[in-house]
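Chain residues, written in single-letter form:
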Amino acid sequence: MTKAAWVLGGALLTCPSLLSAQSADDSAAVRATALDYIVGWYSGNGQRMERALHPQLAKRIVRTGPDGTSILNNMTAKELVEATAGGYGTRTPPAEQQKDVTILDIYENVACVKIVARDWIDYLQVARVDGRWMIINVLWELKPKG
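(A) Representation of the overall build of the protein. In terms of regular secondary structure, the protein is built from four helices and six strands. If you list the helices and strands of the protein from N to C, you get α-α-α-β-β-α-β-β-β-β. By the burial criterion, 33% of the 146 residues in the protein qualify as buried. Restricting the contact set of the protein to residue pairs at least 6 apart, pairs at least 24 apart contribute 49%. Approximately 9100 Å² of the protein is accessible, and the part contributed by carbon and sulfur atoms is 56%.

This is the structure in structure tokens:
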């Protein structure tokens with residue numbers, strides 16, 4: 001390996017910011033958006049949920065239909081806000097509320113986030129829209145029972 005390659009490799013290892021397209025502010029804002037989503041759900045706070053979502057959000061899960069074929073179930077931003085405000089998330093006792101947020105990647109104006117909740121796992125696609133991070137898409141899966 002050439003000396004230049006060693007120097008470049010060392011610089012990349014000692015300066016992680018050179019390997020990433022995200023800032024601390026972006027990370028904090030993406031995390032705050034994800035927390036608005038999951039904490040809003042558990043607390044029944046429709047306004048907090050709505051703040052996290054783009055109005056054209058698509059939340060989807062693949063289910064198995066009665067004939068064994070896959071069915072794509074969809075939920076809109078409006079439906080999710082209404083379910084949140086209706087208190088569905090408040091049925092989970094506070095001691096059982098899991099809200100693990102992991103930012104998988106941020107690049108420029110897009111991010112991918114994983115949320116592990118008590119009963120499901122969400123994969124969020126988040127985008128900076130008009131200067132604000134908002135959830136555009138959610139693909140989710142229920143955790144196995146027991």
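(B) Region of interest: the packing of aromatic side chains. A complete count under the given rule lists two aromatic pairs for this structure. On the numbers, 6.4 Å between centres and 85° between planes, the contact of Trp 41 with Trp 120 is edge-to-face. Here Trp 41, found in helix H2 (residues 24–43), pairs with Trp 120, found in strand S5 (residues 120–129); they are 79 residues apart in sequence, far enough to count as distant. Its relative accessible area of 11% is what places Trp 120 among the buried residues. Here Tyr 42 and Trp 120 contribute two aromatic rings whose centre-to-centre distance is 6.4 Å and whose plane-to-plane angle is 35°, an arrangement assigned as tilted. Of the two residues, Tyr 42 sits in helix H2 while Trp 120 sits in strand S5, which places them 78 residues apart along the sequence. Grouping residues by exposure puts Tyr 42 and Trp 120 together as buried. Connected via pairs of aromatic rings, a cluster forms that spans Trp 41, Tyr 42 and Trp 120. Over the face of the ring belonging to Trp 140 we find Lys 59, whose NZ or CZ atom lies 5.0 Å from the ring centre.

(C) Spotlight on the sheet that holds strand S1 (residues 53–64). In spatial order, the strands read S2-S1-S6-S5-S4-S3; together these six strands make up an open sheet with mixed pairing. Two strands lie at the open edges of the sheet, namely strand S2 (70–76) and strand S3 (100–107), each paired on one side alone. Neighbour-to-neighbour, the strand axes of this sheet turn through a mean angle of 20°, independent of strand direction. Examined bridge by bridge, S3 and strand S4 (residues 110–116) share seven bridges and lie antiparallel to one another. Across the sheet, Val 101 pairs through a bridge with Ile 115, a residue of S4. Each of S1, S3, S4, S5 and strand S6 (132–142) is contacted by H2, which is oriented at about 145° to S3, the strand it contacts most.

Conventions used here
Residues numbered from 1 in each chain as written. Predicted model: local features only at pLDDT ≥ 70, side-chain atom pairs only at ≥ 80, totals over all residues. Heavy atoms only, no water. Helix = DSSP H or I, 4+ residues; strand = E, 2+ residues; numbered from the N terminus. Buried < 20%, exposed > 50% of the residue type's maximum accessible area, 1.4 Å probe, protein only. Contact = heavy atoms within 4.5 Å. Areas by Shrake-Rupley, 256 points an atom, 1.4 Å probe, with all protein chains shown as cover. Phe/Tyr/Trp six-rings, centres within 6.5 Å; stacked < 30°, edge-to-face > 60°. Lys NZ or Arg CZ within 6 Å of the ring centre and 35° of its normal. Pairing = 2+ DSSP bridges. Axes fitted to C-alpha atoms, helices over the stretch in contact; angles between N-to-C directions.

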